[in-house]
Amino acid sequence: MITMEDIIREGHPALRQRAKKVEIPISQDVKDLGQEMMTFLVNSQDPELSEKYDLRAGVGLAAPQIDQGLRIAAVHIPDEYEDDSPIFSDVLINPIIKRQSVKKAALPTGEGCLSVDREVPGYVARSKRITIEYTDLNNQVQKVKLNDYSAVVVQHEIDHLNGIMFYDHINEEDPFYLDSDTELLE
Ligand SMILES: OCN(O)CCCc1ccccc1
Ligand code: NI
């Protein structure tokens, strides 16, 4: 199983590389990897298991973070009220952002990253609405519209596939600078 030891940290060159497209139909190895990444997220959000295995809670994980230079990202976003029906949960193979709103959104708390062992304060403005296309673990092409928090998380993961870290988006002069077209999500 994936634990924190498997997650590479900033400074590791693999986090700054562009991940390679996955061959379709996906191999059994890729399917296993995707499932392991999803299991990590589910475990990391479970009070007992995260404690037992010392996992930092995560809502997303990109393959480059476990030193696998492949365009695979797992996303598991729980519904704050309905634990067993997440807002969005899937393993994205070769995800593409097909459409994105001009309107931006940022988390008021800023962002963090399992590969970054420090706080980096500041707003990360991202598209408020996106339409993504990807292949899932059953080789089915999915086209999904996401907004707000789900859209933020998926953009954070797709950034990892392109060697981009969340703090690359933070305004250096004024980390809490907000464009007029950027909404803080509550
Ligand atoms: O790459 C995923 N990972 O580092 C876990 C954190 C995910 C995440 C946290 C805050 C806002 C968007 C996404
Ligand atoms: Ni991250």
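Above: the structure in question.
Residues numbered from 1 in each chain as written. Chains lettered and ligands numbered in written order. Predicted model: local features only at pLDDT ≥ 70, side-chain atom pairs only at ≥ 80, totals over all residues. Heavy atoms only, no water.

Chemist: Please explain the coordination of the nickel ion (ligand 2) as it appears in this structure.
Modeler: A four-donor tetrahedral metal ideally has 109.5 degree angles, and a six-donor octahedral metal ideally has angles of 90 or 180 degrees. Within the protein, the nickel ion (ligand 2) binds to C113 (SG), H156 (NE2) and H160 (NE2); these donor distances fall in the range 2.1 to 2.4 Å. Counting residues between consecutive donors of the nickel ion (ligand 2) along the chain gives the motif C-x42-H-x3-H. Residue C113 is located in the loop between β4 (104-106) and β5 (126-127), and its partner H160 is located in helix α3 (residues 148-161); the two are separated by 47 residues in the primary sequence. Across this residue pair, the class does not change: C113 and H160 are buried. (Donors = N, O, S within 2.8 Å, 3.2 Å for Na, K, Ca; no water. Helix = DSSP H or I, 4+ residues; strand = E, 2+ residues; numbered from the N terminus. Buried < 20%, exposed > 50% of the residue type's maximum accessible area, 1.4 Å probe, protein only.)

Chemist: Any chance you could explain helix α1 (residues 28-44) here in plain terms?
Modeler: Three- or four-residue spacings in an α-helix give side chains the same orientation, since the helix completes a turn every 3.6 residues. Here α1 contains 17 residues, and its C-alpha end-to-end distance of 24 Å stays within 8% of the 24 Å for a straight helix at 1.5 Å per residue. Those residues of α1 that sit buried are V30, L33, G34, M37, M38, F40, L41, N43 and S44. (Expected span 1.5 Å × (residues − 1).)

Chemist: Please clarify how the environment of L55 should be interpreted in this entry.
Modeler: Mapped onto the secondary structure, L55 falls in the loop between α2 (47-52) and β1 (60-62). Using a relative accessible area of 8% as the deciding quantity, one classes L55 as buried. Along the sequence, L55 and L184 sit 129 residues apart, while their C-alpha atoms lie 28 Å from each other. With near-sequence residues (within four places) excluded, L55 lies in contact with I2, T3, M4, F40, N43, S44, L49 and S50. (Contact = heavy atoms within 4.5 Å.)

Chemist: Before we go on, may I ask you to explain α3 in this structure?
Modeler: Spanning 14 residues, α3 covers 20 Å between terminal C-alpha atoms, matching the ideal 20 Å at 1.5 Å per step. If you check which residues of α3 are buried, you get S150, A151, V152, V153, V154, Q155, H156, E157, I158, D159, H160 and L161. After α3 finishes, the residue G163 shows a positive phi value of roughly 75°.

Chemist: Just checking my understanding: could you explain the sheet that holds strand β3 (residues 88-100) for this structure?
Modeler: Taken together, the 5 strands give an open sheet; going across it, the order is β1-β2-β3-β6-β7, and neighbouring strands pair in antiparallel fashion. The open sheet is flanked by β1 and β7 (141-147), the only strands paired with a single partner. Across this sheet, the average inter-strand angle for adjacent strands is 40°, counted without regard to direction. Bridge analysis of strand β2 (residues 72-77) against β3 gives 6 bridges, and the strand direction is antiparallel. Opposite I77, over in β3, you have F88 as the bridge partner. (Pairing = 2+ DSSP bridges. Axes fitted to C-alpha atoms, helices over the stretch in contact; angles between N-to-C directions.)

Chemist: Sorry if this is basic, but what is going on with the nonpolar core here?
Modeler: What tends to happen in soluble globular proteins is that the nonpolar side chains get buried as a cluster. Residues M37, F40, L61, I72 and I93 are the most contacted members of the largest nonpolar core, which totals 21 residues. Breaking this core down by element, the ones donating at least two residues are α1, β2 and β3. Examining the composition of this core, we find that 6 residues originate from one element, α1, more than from any other. Ignoring any residue separated from it by four or fewer positions in sequence, one finds F40 in contact with I2, T3, M4, I7, L55, R56, L61 and L114. Counting 13 residues, the second-largest nonpolar core is a separate cluster that includes I130, I132, V153 and I158. (Core = buried A, V, L, I, M, F, W, Y, C linked by side-chain atoms within 4.5 Å.)

Without other data, these values stay purely geometric and don't point to any function.
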